[in-house]
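Here are the chains, one letter per residue:
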Amino acid sequence: MIWLVNGISSFIASAMFGIIFNSPRNRLLHCGFVGLVGWLSFLAARDLLLGGDAVKASFIGAFAVAVVAHLFAKRYRTPMIIFSVAGIIPLVPGGTAYNAMRNVMETDYEVATVHAMEAFMISGSIAMGLVFAEVIIQLVFKKKPAAA
């Protein structure tokens with residue numbers, strides 16, 4: 001049941017951010033689907049495969065977002081950024097960054113440093129997931145030279 005709630009919430013959040021980012025109206029459901037795939041990939045990796053490692057799971061979620069966004073971009077002849085920006089929103093470590101700043105304000109610098117480092121590592125793994133997926137997709141879809 002919790003997976004269903006998470007899936008629906010990530011779908012709605014991504015679709016709503018598609019509205020904020022002025023995505024075409026006929027692509028909002030696709031933006032929501034990209035967010036749903038990314039978030040469920042993250043949850044599956046974190047809870048089932050990696051034993052709670054949010055950094056590696058964020059990489060896998062971002063990789064999934066980029067792959068699905070690229071496939072949608074090719075299918076609907078729309079820029080990939082339309083799907084990937086809205087789809088990546090559920091993976092952003094906003095709560096962790098908030099906890100870091102809250103602990104700084106409470107002068108608990110040790111805990112703040114832990115939260116800040118986790119937020120930075122998650123952000124970096126999201127960026128790496130997007131880039132790695134793009135490179136792999138470029139290699140897979142690379143046109144082969146015509147035989148002479």
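Coordinates for the structure precede this section.
As the structure is a computational prediction, the values presented were derived from the model and not from experiment.

(A) Broad picture of helix α5 (residues 94–105). With 12 residues, α5 extends 17 Å between its outermost C-alpha atoms, agreeing within 8% with the 16 Å of an ideal straight helix rising 1.5 Å per residue. Restricting attention to buried positions, one finds in α5 the residues Thr96, Ala100 and Asn103. End-on, the buried residues of α5 take up no more than an arc of 70 degrees, which puts them together on one face. Across α5 from its buried face, at more than 90 degrees, point the exposed residues Tyr98, Met101 and Met105.

(B) Broad picture of the packing of aromatic side chains. One pass over the full model with this rule turns up seven aromatic pairs. Ring geometry for Phe33 against Phe72: centres 5.8 Å apart, planes inclined by 40 degrees, an arrangement best described as tilted. Note that Phe33 is positioned in helix α2 (residues 28–49) and Phe72 in helix α3 (residues 54–76), a separation of 39 residues in sequence. The exposure class of Phe33 is partly exposed, given its relative accessible area of 37%. Relative to Phe83, the ring of Phe72 has its centre 5.6 Å away and its plane inclined at 65 degrees; by these criteria the two rings are edge-to-face.

(C) Broad picture of unusual backbone geometry. For Arg77, which is not glycine, the phi torsion reads 50 degrees and is therefore positive. With respect to the secondary-structure elements, Arg77 resides in the loop between α3 and α4 (80–88). Its identity is not glycine, yet Thr107 carries a phi of approximately 55 degrees, on the positive side. Assignment of secondary structure puts Thr107 in the loop between α5 and α6 (109–140).

(D) Local environment of the packing of α5 against α6. The interhelical angle for the contact between α5 and α6, taken along N-to-C directions, is 160 degrees, at an axis separation of 8 Å. Relative to α6, the element α5 lies roughly antiparallel. Like other packed secondary-structure pairs, α5 and α6 cross with a definite hand, here left-handed. Together, Thr96, Ala97, Asn99, Ala100, Asn103 and Val104 of α5 and Tyr109, Val111, Ala112, His115, Ala116, Glu118 and Ala119 of α6 make up the contact between the two elements.

(E) Representation of the environment of Phe21. Tracing the chain through its elements places Phe21 in the loop between α1 (2–20) and α2. On the basis of relative accessible area, Phe21 is assigned to the partly exposed category, the value being 39%. Residues Phe21 and Leu48, spaced 27 residues apart in sequence, show a C-alpha to C-alpha distance of 33 Å. Once you skip the residues sitting within four places of it in the chain, Phe21 turns out to touch Val85 and Ile89.

Rules used throughout
Residues numbered from 1 in each chain as written. Predicted model: local features only at pLDDT ≥ 70, side-chain atom pairs only at ≥ 80, totals over all residues. Heavy atoms only, no water. Helix = DSSP H or I, 4+ residues; strand = E, 2+ residues; numbered from the N terminus. Expected span 1.5 Å × (residues − 1). Buried < 20%, exposed > 50% of the residue type's maximum accessible area, 1.4 Å probe, protein only. Arc of directions from axis to C-beta. Phe/Tyr/Trp six-rings, centres within 6.5 Å; stacked < 30°, edge-to-face > 60°. Axes fitted to C-alpha atoms, helices over the stretch in contact; angles between N-to-C directions. Parallel < 35°, antiparallel > 145°, perpendicular 65-115°, else oblique. Left-handed = near helix turned anticlockwise from the far one by under 90°. Contact = heavy atoms within 4.5 Å.

Everything listed here is a matter of geometry and, on its own, says nothing about what the molecule does.
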